[in-house]
Amino acid sequence: MDRQTEFVLRAVEERNVKFIRLWFTDVLGYLKSVAIAPAELEGALVEGIGFDGSAIEGYARIYEADMIAHPDPATFQLLPWRTQAGTARMFCDIAMPDGSPAMADPRHVLKRALKRAADMGFTFYTHPEIEFFLLRNPLESGLEPHALDNGGYFDHNTMDEGTDFRRDAINILEQMGISVEFSHHEAAPGQHEIDLRYADALAMADNIMTFKVVLKEVAIAQGIRASFMPKPFTDHAGSGMHTHMSLFEGDQNAFYDVTDELRMSKIGKHFVAGLLAHAAEITAVTNQWVNSYKRLAWGGEAPSYVCWGRNNRSALVRVPLFKPEKSSSARVEYRAIDSACNPYLAYALLLNAGLDGIEKELPLPTEAEDDVWSLTDRERSALGITSLPRNLEGAVELMENSELVAETLGEHVFDFFLRNKRNEFDSYRREVTPWELRTLLPKL
C-alpha cells in the first residue's frame, strides 16, 4: 500500500468521513458519481468498483458493459458544502475487467496525450479563465433567463449578490486545494469570471470539473443558478474559457527565448503553428454544443478566424506579453474554447495539435495586427486568414476527416462523439425557433 493510499484511509477515519464519492465523466463531459461507505474504501482503492458501462453515455455497448472505476487517491478531497455528513471525493480512472484502460474514458484520452508530451520531454501546463453566468430564475426549459445583476467589465459592486457568490465559491475552491488567481465581473449582465492558477493539464481538467460542481452548489444554496452555457443572451457576449498553455522541460519553460522579440522560442512558435493548422478540425470538441457557435459569431473578443497576435484579442491564439522578461510567464492563449466543453478531450486535442506543430516544425504564419472582425472577407483572404466552422455541423464535418482528432480521441470516443453531435445538430435544425416565429410568422 503506497503512502497516498495510507493517507486517504487515515484521513477518512480521522475526519469521520461517512461517504466517499467516486467521480468520473462521460464522453460529453457530464460528471458521474457513485457513493461508497468507508468500510468499502480499502477494497475500492485496491480492486476498484464495478459498474454498468452501457448505462454511461458513450462508454460501452450492452454486450461489453462491465467496467471498473479505480479511484485515484491523489485526487482525494473533502467536500466542504456537505456539512450534515462528512463527504469526500476522488476522481477515477476507468478500466476493463482485464485491467486494460477503457478507451471511452476521457481522463485516459488526456493521459495518452500527456504521455506523448512526456516522451518528447515536456510537461503540459494550463491556466483557464472560466466565465459563467449567474441567473435569477430557475433554469427551466423554454424560460427566458434573467441575469442576477446589471454589472459590466471589472465593475466593483459593494456587497452585491455576485460579489458574495464569488467570495463563497472561491473559499470552497481554496479549501479543496484549487488555487484561484483572481476573479471579477465580466462584460455582460450577470457574467463573472474566475481564473484558476496554473497546474498540469490532468490536474486542471479535474479542477475544472470540480469547479463546475462547486459553483452550481454554491449558487443553489443562495437561491440562484450558475450556468456555463456559452451564450444564453442574444444581445450580450457569451462565456468562454480562454486557456493559457505552456510546455516545460524540467524547470525550464520551453516557450521562452530571451533573444527573441516575442520572447518566444522556436518550440513555442511551432506549437502555435500547430494550434492554427488544426484549429478548425478540433473545434467540434473545444466548442461542442450548437449554442457554442452563437458565442463565436458574436464578434469582438470571440474568435471566429484562424490567426494569432500579441495584444490582439480578436485573434484565435494570443501571445500575452504581460511579463516579457519573466521566463516562467511565457505562454500562449487559445481563445475559442468554452467552459461547456469536456476539458479532458479539449486539452488532449490542444496539446496534440501543438505537439504536431513541433514535430513537423510548422512555420508560424504572419501575425494579425488588425481587428480581424473589422476586415472584409477579401482582406482576410489576402492575409491568408481562414475561418473557424460557422456551426456545429460544419465543425463535425471537419472533425470527421481529421487524422489528429481520430488518433487523439481513439476510435471509440471519436465515433461516438461524431454520432452524438450529428444527432444534436439534426435535432436543432428541425426546431422552429422563437426568431422564426417573431420575424417570419407575421409576414408569411
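Data block above holds the structure.
Here we summarise the structure given alongside this text. (Residues numbered from 1 in each chain as written. Predicted model: local features only at pLDDT ≥ 70, side-chain atom pairs only at ≥ 80, totals over all residues. Heavy atoms only, no water.)

Quick look at the overall build of the protein chain
Part 1: In terms of regular secondary structure, the protein chain is built from 12 helices and 18 strands.
Part 2: By the compact-globule yardstick of 22 Å for 444 residues, the protein chain fits well, its C-alpha radius of gyration being 22 Å.
Part 3: Taken along the three principal axes of its C-alpha coordinates, the protein chain extends 65 × 55 × 50 Å.
Part 4: Burial statistics for the protein chain: of 444 residues in total, 55% are counted as buried.
Part 5: Restricting the contact set of the protein chain to residue pairs at least 6 apart, pairs at least 24 apart contribute 71%.
Part 6: Summed over all atoms, the accessible surface of the protein chain reaches about 20,600 Å², with 50% contributed by carbon and sulfur.
Part 7: In the protein chain, the 45 positive side-chain charges and the 66 negative ones have mean positions that sit 3 Å from each other. (Helix = DSSP H or I, 4+ residues; strand = E, 2+ residues; numbered from the N terminus. Rg over C-alpha atoms; globule rule 2.2 N^0.38 Å. Buried < 20%, exposed > 50% of the residue type's maximum accessible area, 1.4 Å probe, protein only. Contact = heavy atoms within 4.5 Å. Areas by Shrake-Rupley, 256 points an atom, 1.4 Å probe, with all protein chains shown as cover. Lys, Arg positive; Asp, Glu negative; His and termini not counted. Charge placed at Lys NZ, Arg CZ, Asp CG, Glu CD.)

What about the pattern of salt bridges?
Part 1: For the structure shown, the criterion picks out 20 salt bridges.
Part 2: Of the charged contacts, one joins arginine 107 and aspartate 93 as a salt bridge, the two residues approaching to 2.8 Å between their closest N and O atoms. Linking arginine 107 in helix α3 (residues 106-119) with aspartate 93 in strand β6 (residues 87-95), this pair joins segments that are 14 residues apart in sequence.
Part 3: The shortest N-O distance in the salt bridge between glutamate 359 and arginine 116 comes to 2.6 Å. Note that glutamate 359 is positioned in helix α8 (residues 343-359) and arginine 116 in helix α3, a separation of 243 residues in sequence.
Part 4: Glutamate 359 gets classed as partly exposed once you look at its relative accessible area, which sits at 47%.
Part 5: With a relative accessible area of 24%, arginine 116 lands in the partly exposed category. (Salt bridge = Lys/Arg side-chain N within 4 Å of Asp/Glu carboxyl O.)

Overview of helix α4 (residues 161-175)
Part 1: With 15 residues, α4 extends 21 Å from end C-alpha to end C-alpha; this agrees with the ideal 21 Å at 1.5 Å per step.
Part 2: Taken together, the buried positions of α4 are Gly162, Asp164, Phe165, Arg166, Ala169, Ile170, Ile172 and Leu173.
Part 3: Summarising the contacts, the buried residues of α4 are in contact with β7 (123-135), β8 (180-185), β9 (191-196), α5 (201-221) and β11 (225-227).
Part 4: Residue glycine 177 follows α4 closely and has a positive phi angle near 80°. (Expected span 1.5 Å × (residues − 1).)

Structural notes on the environment of aspartate 426
Part 1: Secondary-structure assignment places aspartate 426 in helix α11 (residues 403-430).
Part 2: Within polar-contact distance, the side chain of aspartate 426 engages the side chain of arginine 429 at 3.4 Å. (Polar contact = N/O pair within 3.5 Å; in protein donor to acceptor, adjacent residues only side chain to side chain.)

Side note on the packing of α5 against α8
Part 1: Put simply, α5 and α8 touch, their axes get as near as 9 Å, and they point 150° apart. Our classification of the angle between α5 and α8 gives roughly antiparallel. The hand of the α5/α8 crossing is right-handed. Where α5 approaches α8, its residues Ala201, Leu202, Met204, Ala205, Asp206, Ile208 and Met209 are matched on the opposing element by Pro343, Tyr344 and Tyr347.
Part 2: Its residues placed into classes, the contact of α5 with α8 shows nine nonpolar, no polar and one charged. (Axes fitted to C-alpha atoms, helices over the stretch in contact; angles between N-to-C directions. Parallel < 35°, antiparallel > 145°, perpendicular 65-115°, else oblique. Left-handed = near helix turned anticlockwise from the far one by under 90°. Nonpolar A, V, L, I, M, F, W, Y, C, P; charged D, E, K, R; others polar.)

Considering the environment of aspartate 371
Part 1: With respect to the helices, strands and loops of the structure, aspartate 371 is situated in the loop between α8 and α9 (377-382).
Part 2: For aspartate 371, a relative accessible area of 39% gives the class partly exposed.
Part 3: Separated by 3.1 Å, the side chain of aspartate 371 and the backbone nitrogen of tryptophan 373 make a polar contact.

A word on the side chain of aspartate 338
Part 1: Looking at the element boundaries, aspartate 338 is found in the loop between β17 (332-334) and α8.
Part 2: For aspartate 338, which is buried and forms no salt bridge, the nearest opposite charge comes from arginine 295, at a distance of 4.6 Å.
Part 3: Separated by 2.9 Å, the side chains of aspartate 338 and serine 292 make a polar contact.
Part 4: Those residues in contact with aspartate 338, other than ones at most four positions away along the chain, are Pro230, Ser239, Gly240, Met241, Thr286, Asn287, Ser292 and Arg295.

Digging into unusual backbone geometry
Part 1: One non-glycine residue, arginine 263, lies in the positive phi region at around 60°.
Part 2: Within the secondary structure layout, arginine 263 lies in the loop between β13 (252-253) and α6 (266-286).
Part 3: The exposure class assigned to arginine 263 is partly exposed, which follows from its relative accessible area of 21%.
Part 4: One non-glycine residue, glutamate 361, lies in the positive phi region at around 50°.
Part 5: Mapped onto the fold, glutamate 361 is located in the loop between α8 and α9.

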